[in-house]
Amino acid sequence: MWGGRFAEGPSAIMREINASIPFDKVLWAQDIAASKAHVAMLAACDIVSEADAEAIIGGLERIAEEYETQGVPEDWDLEDIHMTVEARLADLIGPVAGRLHTARSRNDQVATDFRLWVRAAMDEAVAGLEGLQRALVTRAGEHSGSIMPGFTHLQTAQPVTLGHHLMAYVEMAARDVSRFRDARERLNRCPLGSAALAGTGFPIDREMTAQALGFAGPTANSLDSVSDRDFALDYLAAAAQCALHLSRLAEEFVIWASQPFGFVRMPDALSTGSSIMPQKKNPDAAELVRGHAGRIIGCQTALTVTMKGLPLAYSKDMQDDKPPVFEAAGLLRLCIAAITGMVEGATFQTGRMRAAAELGYATATDLADWLVREADIPFREAHHITGAAVRLAEGRGAALGELSLADLQAIDARIDERVFAALSVESSVAARASHGGTAPAEVEKRVHEARGRLEMD
Ligand code: ARG
C-alpha cells in the first residue's frame, strides 16, 4: 500500500508485530458498512462518479457475502481488516477500488468501525441485563414472603425476605443498564471524514455518513476523532462495574450452595461433578463468573494504561485497543447468560433459609424497637437491655423467643407478654415496611414496579 516510499519490504518480525488482522477481522461487517456509507457520500458530493461508486458498493457487497460464508482470510502482509477488504475489492473490481480511500484514512476508518462494534456491544449488554432483571424479578415475586437471614459482616443481622435480596440485584443491573445507555449516548458521534488527523480538502458531507451509520452527527474535532478511545473505555468501565455485580451474586450462590448453608440447589445444567468424589456438585459456573469478572476488570486496566501517555493524534499503540474490548465483551456476554440461567434454575431451600433466620438472634433489633415503641425507652438503653437478653439466651443455648416472660422481666420489668409477638421472624420482616424495606408487601410493590418497567405484564 505504501511501497513507493520504501526500498525494502518489512522484516518477518515487523509483519508479525504489526498485524492486527488476527483479531480485528471481527470488524469486517462494520468496515464494509462504513465503506459503503463513505463511497455513497463521495458520489453524492461528486467526488467519485456514480458508476464508480456503484462498482465499489457491488464489490463490497460481494466481499460481505464471501466473509459471511467463508470467513475472513488472514494475511499478515495486509496488516488489518481495512487493507484486507480493500485488497479484495481491488481483486474483484480492479483499479477503481482505489477511489474508495479518497478523503479517508485508516485512522478515521478504524475509529468509525470500532465505534460501531462497541455500540452494538453496549446494546447487547443492555438486552442481556434486561433478561437478567426479568429472571430476578420473577424469582423475587415467587419469594416475596420467603424469610432468610440478612447478613452484615456475613453474620446474621436481621431477617429479610429472599425476594428483597434478589431485588437488590435488580437495582444493580438497572444501574448497569443506565451506565451502558449513558456511554452509548456519548459514543454516538461519527469520526468518519476526519481523515488522518487534520480533516480533508475534499468537499465531503460528514452529516450524510454520520446519518447513514446511525450516529447522532459528526464529531467536532478531527484530532480528537482519530485519537479518542473514551467510548471503548466507557464501555469497559460499565462492563467492569457490571461484572463486579455479577461476581457478587455469583459469590452468594457459591456460599448458599455450600453444605453448611444449603440455601440453594444450583441447576445441574450449570454445575459440574468431581472425577474422584462421587457426591460432589460444584457451582463452577458461579465460580467462573466470579473469576471472569477479574479478567474483565483487567481488560479495563489494560486499555486505560495503553491510552494514558499517548500524544495526539493516532499512535500505533492504539491498535492494542481492540483485544481487551473484544475479550471483555465475550466474557461479559457469557457471564450475563450464565448468571441468568442460575437465577432461573436455582431451587431455593426456603425451609433451610427460614430455619437459619431463627438462629443468631436475628430479631434482637425487634426487641429493642419494641422497648422504644411500647415502653418509651430511649433506643440506646433498649439496645443495652436487649443485649442482656441475648447474653442470657446464648448462655442457655436458647432463641430469644424461648426465654420466659419471667426471664425477660428480670432483665427489665417494663417488658410484658406482648413482646413475644414482636420476636417472630414473620413480624420482624412485616414490620420493616418503610419505603424500600424488606416487608413482603413492600417487596411486592417493588416487584410490581419492576415488572411494569421491564414490560413483563
Ligand atoms: N490496524 C490499525 C488499528 O487498529 C488501523 C489504523 C492504522 N493507522 C495507521 N496510521 N497505521 O489501529
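The protein goes by Argininosuccinate lyase in an unreviewed UniProt entry, where it is assigned to Aurantiacibacter spongiae. A UniProt comment under Sequence similarities (unreviewed entry) is attached to the protein, and it reads "Belongs to the lyase 1 family. Argininosuccinate lyase subfamily."

Peer 1: When you look at the site of the ligand in this model, what are you seeing that I'm missing?
Peer 2: Surrounding the ligand, one finds Ser 20, Asp 24, Asp 80, His 82, Arg 106, Asn 107, Val 110, Tyr 314, Lys 316, Gln 319 and Lys 322. One of the side-chain nitrogen or oxygen atoms of Ser 20 is found 3.3 Å away from a nitrogen atom of the ligand. Contact distances for the ligand include 2.7 Å between an oxygen atom and a side-chain N or O atom of Lys 322. Relative to its unbound accessible surface of 350 Å², the ligand loses 86% to contact with the protein. Per-element accounting of the shell around the ligand gives the leading share, three residues, to helix H6 (residues 106-142). Grouping the amino acids of the shell around the ligand by side-chain chemistry returns two nonpolar, four polar and five charged.

Peer 1: How should the UniProt feature "domain: Argininosuccinate lyase C-terminal" (unreviewed entry) in the protein be read in this particular structure?
Peer 2: The feature "domain: Argininosuccinate lyase C-terminal" (unreviewed entry), as annotated in UniProt, sits at residues 361-430 in this numbering. Strand forms 0% of residues 361-430 and helix 67%; the C-alpha atoms that close the span are 17 Å apart.

Peer 1: Help me understand the side chain of Thr 340, please; the structure alone is not making it clear to me.
Peer 2: Tracing the sequence through the fold places Thr 340 in helix H12 (residues 322-345). Relative accessible area serves as the criterion here: at 10%, Thr 340 is assigned to the buried category. Beyond its immediate chain neighbours, meaning those up to four positions away, Thr 340 contacts Gly 131, Leu 132 and Ala 135.

Peer 1: Got a minute to help me understand helix H15 (residues 379-396) in this structure?
Peer 2: Because an α-helix packs 3.6 residues into every turn, residues spaced three or four apart end up facing the same way. The terminal C-alpha atoms of H15, which comprises 18 residues, lie 26 Å apart, in line with the 26 Å expected from a rise of 1.5 Å per residue. Along H15, the residues classified as buried are Ala 382, Ile 385, Thr 386, Ala 389, Val 390 and Ala 393. Projected onto a plane normal to the axis of H15, the buried residues spread over an arc of 145 degrees and lie on a single side. What points out from H15, more than 90 degrees from its buried face, is the exposed set Arg 380, His 384, Arg 391, Glu 394 and Gly 395.

Peer 1: Quick question: what am I supposed to make of the pattern of salt bridges here?
Peer 2: One side chain can pair with another of opposite charge once the charged atoms of both are near each other. The final tally for this structure, using the stated rule, is 36 salt bridges. For Glu 79, the salt bridge identified is with Arg 106, shortest N-O distance 3.1 Å. With a gap of 27 residues between them, Glu 79 in the loop between helix H4 (50-70) and helix H5 (81-93) and Arg 106 in helix H6 connect regions that are remote in the sequence. One salt bridge in this structure joins Arg 354 and Glu 426, with 2.6 Å as the shortest N-O distance. Here Arg 354 is found in helix H13 (residues 350-358), whereas its partner Glu 426 is found in helix H18 (residues 425-431), with 72 residues between them in sequence. Classification of Arg 354 as partly exposed rests on a relative accessible area of 27%.

Rules behind the numbers
- Residues numbered from 1 in each chain as written.
- Predicted model: local features only at pLDDT ≥ 70, side-chain atom pairs only at ≥ 80, totals over all residues.
- Heavy atoms only, no water.
- UniProt positions renumbered as here; feature names shortened; annotations may be inferred.
- Near = heavy atom within 4 Å.
- Polar contact = N/O pair within 3.5 Å; in protein donor to acceptor, adjacent residues only side chain to side chain.
- Areas by Shrake-Rupley, 256 points an atom, 1.4 Å probe, with all protein chains shown as cover.
- Helix = DSSP H or I, 4+ residues; strand = E, 2+ residues; numbered from the N terminus.
- Nonpolar A, V, L, I, M, F, W, Y, C, P; charged D, E, K, R; others polar.
- Buried < 20%, exposed > 50% of the residue type's maximum accessible area, 1.4 Å probe, protein only.
- Contact = heavy atoms within 4.5 Å.
- Expected span 1.5 Å × (residues − 1).
- Arc of directions from axis to C-beta.
- Salt bridge = Lys/Arg side-chain N within 4 Å of Asp/Glu carboxyl O.

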